[in-house]
Amino acid sequence: DSGVTQTPKHLITATGQRVTLRCSPRSGDLSVYWYQQSLDQGLQFLIQYYNGEERAKGNILERFSAQQFPDLHSELNLSSLELGDSALYFCASSAVVEGTQYFGPGTRLLVL
Amino acid sequence: EDQVTQSPEALRLQEGESSSLNCSYTVSGLRGLFWYRQDPGKGPEFLFTLYSAGEEKEKERLKATLTKKESFLHITAPKPEDSATYLCAVHPPGSNFGNEKLTFGTGTRLTIIP
C-alpha cells in the first residue's frame, strides 16, 4: 500500500458526460501528479500540482482539468467524454519537487 | 523521439533462471532514473531511484544499475511472484525546477514459469 488513495475504483459512463476523479496523497506529500494509462500508449503524464499550484503540464486535453485543494487532495475533471478516454487514471504523490513518486491504485474509466 | 526505450518488450523465464532487463535513455543531465513494478490493473509500485552512473541498488532478488546511457534491472533466481511489467522512467530533457513530470518507457512484461 503506497498510502495514495483514489476514488472511485471503477467508473462507467456515456460519451459526452463529465466525471470527477479524486486523489488523496500520502500524508505530508505536497506534490500530486496525474497520469493516464491506455493499452496502446503506456503511462502518459497529464499534470502536476505542488502545494495547490499547477507546476507542470503534459499531454492533457483541453476537456480535462485538475485542481489541488488546501487539504492537498486533488481532483481530475474529465468532460465531454469520448470513447478514447477509456483508460486507467493514476494519481501519484511525492514529498518534495523531484521526489520519488508513489502511485495510487488507479481509477478505471470506461466510456460507452 | 523516444527518450526511454525498454527491452525486451516481453521475457519468459523459467523459475530460477536469472536475466536482465534494459532501459536506455537519451536524456542528458539525468536527474533521476526510476524503476517501477506494475501488476495488471494496479498502480506502479516504486522499486528504485538511481541518480548517477555507477550507482547500484538492491532489493531481494532485484538489482538495478546505472551507466551514462542505460540502466539494467537484474533479476536473480526469479520466482513466479516476480511476474509483472517492469517500468523505467526518467525526467525528460529540459526539465528543471517546476517541471517534474516523468517520462515512462513502455515496459518489459516479465513472466516466470514455475
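Just above sits the structure.
Now for a description of the structure that goes with this document. Just so it is clear, the structure is predicted and the values come from calculations on it, not from any experiment.

Across its full length, chain B carries zero helices and eleven strands. For chain B, the α and β elements follow one another from N to C terminus as β-β-β-β-β-β-β-β-β-β-β. By the compact-globule yardstick of 13 Å for 114 residues, chain B fits well, its C-alpha radius of gyration being 14 Å. Each principal axis of the C-alpha distribution contributes one length, and for chain B these read about 45 × 30 × 25 Å. The buried share of chain B, reckoned over its 114 residues, is 46%. The contacts in chain B between residues at least 6 apart in sequence include a share of 56% that link residues at least 24 apart. Looking at chain B, you have 13 positive and 15 negative side-chain charges, and the mean spots of the two groups are 2 Å apart.

Attention now goes to the interface of chain B and chain A. Counting residues at the interface gives 19 residues for chain B and 20 residues for chain A. Where chain B abuts chain A, roughly 1,600 Å² becomes buried across the two surfaces, and 57% of that area is made up of carbon and sulfur atoms. Along the contact surface separating chain B from chain A lie zero salt bridges. Across the contact surface, chain B and chain A share four residue pairs in polar contact (both at pLDDT 80 or more). Of all the secondary structure elements, the ones that give two or more residues to the side of chain B that touches chain A are β4 (33-38) and β5 (45-50) of chain B. Considering each element in turn, the side of chain B that touches chain A owes the most residues, three residues, to β4(B). For the side of chain B that touches chain A, a count of residues per class yields eight nonpolar, seven polar and four charged.

Looking now at the environment of Glu15(B). All names here are of chain B. Examined against the element boundaries, Glu 15 turns out to sit in the loop between β2 (10-14) and β3 (19-25). Note on Glu 15: relative accessible area 43%, which makes it partly exposed. When near neighbours in sequence (up to four residues on either side) are disregarded, Glu 15 contacts Pro 78, Lys 79, Pro 80, Ile 112, Ile 113 and Pro 114.

It is worth spelling out the sheet that holds strand β7 (residues 64-68) of chain A at this point. Residue and element names in this part refer to chain A. Taken together, the four strands give an open sheet; going across it, the order is β1-β3-β8-β7, and neighbouring strands pair in antiparallel fashion. Either end of the sheet is taken by a strand with one partner, and the two such strands are β1 (5-7) and β7. On average, each strand axis in the sheet is tilted by 15° relative to the strand beside it, whichever way the strands run. The pairing of β7 with strand β8 (residues 74-78) spans five bridges and is antiparallel. Bridge pairing in β8 links Gln 67 to Glu 75.

In β7(A), alternate side chains face the same way, and those of Phe64(A), Ala66(A) and Gln68(A) are buried while those of Ser65(A) and Gln67(A) on the opposite face are not. Here β7(A) folds back onto β8(A) in antiparallel fashion, the turn holding five residues, of which Leu72(A) has a positive phi close to 80°.

With that out of the way, let us pick up the state of the cysteines. Residues and elements named next belong to chain A. In the structure shown here, the tally under the stated rule is two disulfides over all chains. The partner cysteine of Cys 23 in its disulfide is Cys 91, sulfur to sulfur 1.8 Å. Here the disulfide of Cys 23 and Cys 91 is left-handed, its torsion about the S-S bond being about -50°. Of this pair, Cys 23 sits in strand β3 (residues 19-24) while Cys 91 sits in strand β9 (residues 87-94), and the two are 68 residues apart along the sequence. As far as the burial class goes, Cys 23 and Cys 91 line up, both buried.

Residue and element names in this part refer to chain B. Read from one edge of the open sheet, five strands run β1-β3-β8-β7-β6, paired in antiparallel fashion. The strands lining the two open edges of the sheet, one partner per strand, are β1 (4-7) and β6 (56-59). Across this sheet, the average inter-strand angle for adjacent strands is 15°, counted without regard to direction. Pairing analysis gives six bridges linking β3 to strand β8 (residues 70-75), with the strands arranged antiparallel. Counterpart to Ser 19 in the pairing with β8 is Ile 75.

What you tend to see is this: most non-glycine residues have negative phi, and most peptide bonds are trans. Of note, the amide linkage connecting Thr7(A) to Pro8(A) takes the cis form, showing an omega dihedral of -10°. With respect to the helices, strands and loops of the structure, Pro8(A) is situated in the loop between β1 and β2 (10-13). Cis rather than trans, the peptide bond between Ser7(B) and Pro8(B) has omega equal to -10°. Tracing the sequence through the fold places Pro8(B) in the loop between β1 and β2. Look at Asn51(A): it is not a glycine, yet its phi comes out positive at around 50°. You can call Asn51(A) partly exposed: its relative accessible area is 48%.

What counts, and at which threshold
Residues numbered from 1 in each chain as written. Chains lettered and ligands numbered in written order. Predicted model: local features only at pLDDT ≥ 70, side-chain atom pairs only at ≥ 80, totals over all residues. Heavy atoms only, no water. Helix = DSSP H or I, 4+ residues; strand = E, 2+ residues; numbered from the N terminus. Rg over C-alpha atoms; globule rule 2.2 N^0.38 Å. Buried < 20%, exposed > 50% of the residue type's maximum accessible area, 1.4 Å probe, protein only. Contact = heavy atoms within 4.5 Å. Lys, Arg positive; Asp, Glu negative; His and termini not counted. Charge placed at Lys NZ, Arg CZ, Asp CG, Glu CD. Buried area = accessible area lost by both parts, 1.4 Å probe. Salt bridge = Lys/Arg side-chain N within 4 Å of Asp/Glu carboxyl O. Polar contact = N/O pair within 3.5 Å; in protein donor to acceptor, adjacent residues only side chain to side chain. Nonpolar A, V, L, I, M, F, W, Y, C, P; charged D, E, K, R; others polar. Pairing = 2+ DSSP bridges. Axes fitted to C-alpha atoms, helices over the stretch in contact; angles between N-to-C directions. Disulfide = S-S within 2.5 Å.

Such coordinate-based values are descriptive only and should not be taken to indicate function.
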